[in-house]
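Coordinate inspection notes
Next come the chains, spelled out residue by residue.
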Amino acid sequence: MAKPEKVAAVAEITQQFSSSSAAVITEYRGLSVAKMTQLRTALGAGSTYSVAKNTLVKRAAADAGVLGLDELFVGPTAIAFITGEPVDAAKALKAFAKDNKALVIKGGYMDGRTLTVDEVERIADLDSRDVLLAKLAGAMKGNLSKAAGLFNAPASQVARLVAALQEKKAAQATSPGEDSQDQQGPDTDVATEG
């Protein structure tokens, strides 16, 4: 029969797997309590970093429908459950592991599939959501400015054409006498000769 503490721990880990957008499995052997606290702070509010027994984590992952991680649950295991932006958490883990060789990233889980260490590191190399949105907004603004210029060009060309036609009509309207003398001049000359 399972002890109530273990049942509660499995239920809590199952809930963390279910409510997380991603999870990164690490080995923390050799990290002091101060370093673990520093890592938790670096991960930010959108992530939790939990140390758990491998047997409990395996059972919780199976209960949550997270498959394919069993081979990662060996040795001292800690899991970063990410409810916020996965890129930010992956960046924090990668940077912390670079400075603290005792932290080893073993793999992860995101969008229904397991992640290798390389995939976690590639996620860490991506720009954050805010940076990508800013880049997208800048690109869209540039394209909208180009589009506005293209849409404006035919209208300004039509306006210049209309202005030129009006000037031509105004020039023709101010000199009707000259046109009529030119047309009547040869007729009158012919008539007087005859």
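Here, the structure is the one placed above.
Residues numbered from 1 in each chain as written. Predicted model: local features only at pLDDT ≥ 70, side-chain atom pairs only at ≥ 80, totals over all residues. Heavy atoms only, no water.

**Thoughts on the overall build of the chain**
Looking only at helices and strands, the chain features seven helices and five strands. Helices and strands in the chain line up, N terminus first, as α-β-α-β-α-β-α-β-β-α-α-α. For the chain, buried positions account for 29% of its 194 residues. Restricting to contacts in the chain with at least 6 residues of sequence separation, those with at least 24 account for 79%. Surface exposure of the chain reaches about 12,600 Å², of which carbon and sulfur atoms provide 58%. (Helix = DSSP H or I, 4+ residues; strand = E, 2+ residues; numbered from the N terminus. Buried < 20%, exposed > 50% of the residue type's maximum accessible area, 1.4 Å probe, protein only. Contact = heavy atoms within 4.5 Å. Areas by Shrake-Rupley, 256 points an atom, 1.4 Å probe, with all protein chains shown as cover.)

**Describing the side chain of Ser20**
On the secondary structure map, Ser20 appears in the loop between helix H1 (4-19) and strand S1 (22-27). Residue classification places Ser20 among the buried residues on the basis of a relative accessible area of 16%. Reaching out from Ser20, the side chain makes a polar contact with the backbone oxygen of Gln16 at a distance of 2.5 Å. Sequence-distant contacts of Ser20, that is, excluding residues within four places in its chain, are made with Phe81, Ile82 and Thr83. (Polar contact = N/O pair within 3.5 Å; in protein donor to acceptor, adjacent residues only side chain to side chain.)

**Details of the pattern of salt bridges**
Enumeration over the complete set of coordinates arrives at three salt bridges. Of the charged contacts in the structure, one is a salt bridge between Lys94 and Asp125, with a shortest N-O distance of 2.7 Å. Here Lys94 is found in helix H4 (residues 86-99), whereas its partner Asp125 is found in helix H5 (residues 117-125), with 31 residues between them in sequence. As a salt-bridge pair, Arg113 and Glu119 come within 2.8 Å of each other at their nearest N and O atoms. (Salt bridge = Lys/Arg side-chain N within 4 Å of Asp/Glu carboxyl O.)

**Comments concerning the sheet that holds S1**
With respect to topology, five strands assemble into an open sheet ordered S2-S3-S1-S4-S5, the strand pairing being antiparallel. Every interior strand has two partners, whereas the edge strands, strand S2 (47-52) and strand S5 (113-115), have only one. Geometrically, the sheet is characterised by an average inter-axis angle of 20° between neighbouring strands, direction not taken into account. One ladder, built from six bridges, connects S1 with strand S3 (residues 77-82); its direction is antiparallel. When the sheet's bridge partners are listed, Glu27 is paired in S3 with Thr77. (Pairing = 2+ DSSP bridges. Axes fitted to C-alpha atoms, helices over the stretch in contact; angles between N-to-C directions.)

**Quick word on empty space enclosed by the protein**
Tallied over the full model, the rule gives one cavity of 30 Å³ or more. The volume enclosed by the largest cavity comes to roughly 50 Å³. Around the largest cavity sit Ala22, Val24, Ile82, Pro86, Ala90, Met110, Leu115, Val120 and Ile123, which together line it. Sorting the residues of the lining of the largest cavity by element identifies S1, H4 and H5 as the ones contributing at least two each. A class-by-class count of the residues in the lining of the largest cavity yields nine nonpolar, no polar and no charged. (1 Å grid on protein atoms, 1.4 Å probe; cavity = no way out; pocket = protein on both sides within 12 Å on 5 of 7 lines; lining within 4 Å. Points joined across faces, edges and corners; volume = space filled by probe spheres on them. Nonpolar A, V, L, I, M, F, W, Y, C, P; charged D, E, K, R; others polar.)

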